[in-house]
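# Structural description and commentary
The primary structure of each chain is shown beneath.
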Amino acid sequence: MKIIMLGAPGAGKGTQAINIAKEYDIPHVSTGDIFRANIKNGTELGKAAKEYMDAGKLVPDEITIGMLLDRISEEDCKNGYVLDGFPRTIPQAESLKDALTKRGEKIDFAVDIEVPDTEITARMTGRRSCPKCGATYHIKFNPTKQEGVCDECGGELVQRADDKPETVEKRLHVYHEQTQPLIDFYEKEGVLCTIDGTVAPKDVFKAITEVLS
Ligand code: AP5
Ligand code: MG
Ligand code: ZN
């Protein structure tokens, strides 16, 4: 199964992509996580991505598309994957479509998690994430058993550099301008499923599994 997660920053793409990956035993491929891992390891890719990410802008397509297409060509992706944070522009969606068409493949579902902008800011400021395993929490909406410690792996939780209120504003703006048009794109492809992202995380996941099965 090949699944794309759509939705604004903070809509819950990462939270639900991890659930989907577990449920269907497919890899969770997050371009944001790949960039953050590269920044942490000080690679050339990380250096190139960091300035854009810290400014709340998109990393250029020339960098992002090749990186993602390489990742989904790896062995563990041969039975499918859940893409989180890609595509984010029409050229990214077109490139993905072309690459899949060449292999006689297609995306099965584009899951759009809808949350109004007014709810996003509160989610972002309370978000905590685990740099070791990628798990995401929220101090109020999805707390860990022990404060600051990952339930999954015991790693120390951190706050993301781009979750400052000013940067969140910019990311939302970029989302509406460049990423929202993908909803129409996947509607035309006949694979769009729209999910209400304002309910509790477990109920969002229930709605997703109902659509996917
Ligand atoms: P990326 O890491 O993809 O960030 P994003 O899209 O801004 O999305 P987030 O990770 O912030 O939100 P999410 O939807 O995953 O929500 P989450 O589950 O964490 O990208 C970061 C940057 O990398 C971009 O700005 C760009 O610069 C670059 N980049 C990445 N991909 C790119 C691409 N393809 N092209 C170009 N540049 C790219 O949930 C948020 C919070 O809410 C959490 O605290 C969570 O616990 C909580 N929460 C989740 N669900 C619920 C719920 N139902 N109710 C209450 N709280 C909830
Ligand atoms: Mg995420
Ligand atoms: Zn962890």
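For the structure itself, consult the block above.
To keep things clear, this report deals only with the structure shown in the data block. (Residues numbered from 1 in each chain as written. Chains lettered and ligands numbered in written order. Predicted model: local features only at pLDDT ≥ 70, side-chain atom pairs only at ≥ 80, totals over all residues. Heavy atoms only, no water.)

What follows is about unusual backbone geometry. Residue Pro87 is bonded to the preceding Phe86 through a cis peptide linkage, with omega at -5 degrees. We note that Asp25 has phi near 55 degrees; this positive angle belongs to a residue other than glycine. Following the sequence through the fold, Asp25 ends up in the loop between α1 (13-24) and β2 (28-30). (Helix = DSSP H or I, 4+ residues; strand = E, 2+ residues; numbered from the N terminus.)

Further remarks concern the side chain of Arg71. Positionally, Arg71 belongs in helix α4 (residues 61-71). Look at Arg71 and you get buried, because its relative accessible area is 18%. If sequence neighbours within four positions are ignored, Arg71 has contacts with Pro27, Val29, Ile34, Asp76 and Cys77. (Buried < 20%, exposed > 50% of the residue type's maximum accessible area, 1.4 Å probe, protein only. Contact = heavy atoms within 4.5 Å.)

Below, the discussion takes up the coordination of the zinc ion (ligand 3). Protein-derived coordination of the zinc ion (ligand 3) comes from Cys130 (SG), Cys133 (SG), Cys150 (SG) and Cys153 (SG), at a distance range of 2.3 to 2.4 Å. All donor residues of the zinc ion (ligand 3) come from one chain, and their arrangement in sequence is C-x2-C-x16-C-x2-C. By relative accessible area, which is 40% here, Cys133 ends up partly exposed. (Donors = N, O, S within 2.8 Å, 3.2 Å for Na, K, Ca; no water.)

So, about the packing of aromatic side chains. Following the criterion strictly, the structure yields one aromatic pair and no others. Between the aromatic rings of Phe185 and Tyr186, the centroid separation amounts to 4.9 Å while the plane-to-plane angle is 70 degrees, which identifies the pairing as edge-to-face. Judged by its relative accessible area of 13%, Phe185 is buried. (Phe/Tyr/Trp six-rings, centres within 6.5 Å; stacked < 30°, edge-to-face > 60°.)

Let's shift gears to the pattern of salt bridges. Tallied over the full model, the rule gives 16 salt bridges. Between Lys202 and Asp203 there is a salt bridge whose closest N-O contact spans 3.8 Å. Of the residues examined, Lys202 reaches a relative accessible area of 61% and is grouped as exposed. It is possible to trace a salt-bridge network through shared partners that takes in Arg127, Arg160, Asp162, Asp163 and Arg171. (Salt bridge = Lys/Arg side-chain N within 4 Å of Asp/Glu carboxyl O.)

A few words now on the environment of Cys193. Looking at where Cys193 falls in the secondary structure, it is placed in strand β7 (residues 192-196). Residue Cys193 is classed as buried on the basis of its relative accessible area, which comes to 10%. Sequence spacing of Cys193 and Val211 is 18 residues, and the spatial spacing of their C-alpha atoms is 7.3 Å. Sequence-distant contacts of Cys193, defined by excluding residues within four places in its chain, comprise Phe109, Ala110, Val111, Asp112 and Val211.

It is worth spelling out the site of ligand 1 at this point. Contacts to ligand 1 come from 37 residues, most closely from Thr15, Lys57, Arg88, Arg127 and Arg171. Within the backbone of Lys13, an N or O atom sits 2.8 Å from an oxygen atom of ligand 1. Measuring from an oxygen atom of ligand 1, one finds a backbone N or O atom of Tyr137 at 2.7 Å. Protein burial of ligand 1: of its 1,000 Å² of free accessible surface, 97% is covered by the chains. Looking at the shell around ligand 1, the elements that each hand over two or more residues are α1, α2 (31-40), α6 (117-125), β6 (136-138) and α9 (201-212). (Near = heavy atom within 4 Å. Polar contact = N/O pair within 3.5 Å; in protein donor to acceptor, adjacent residues only side chain to side chain. Areas by Shrake-Rupley, 256 points an atom, 1.4 Å probe, with all protein chains shown as cover.)

Any functional reading would require information beyond the geometric quantities listed.
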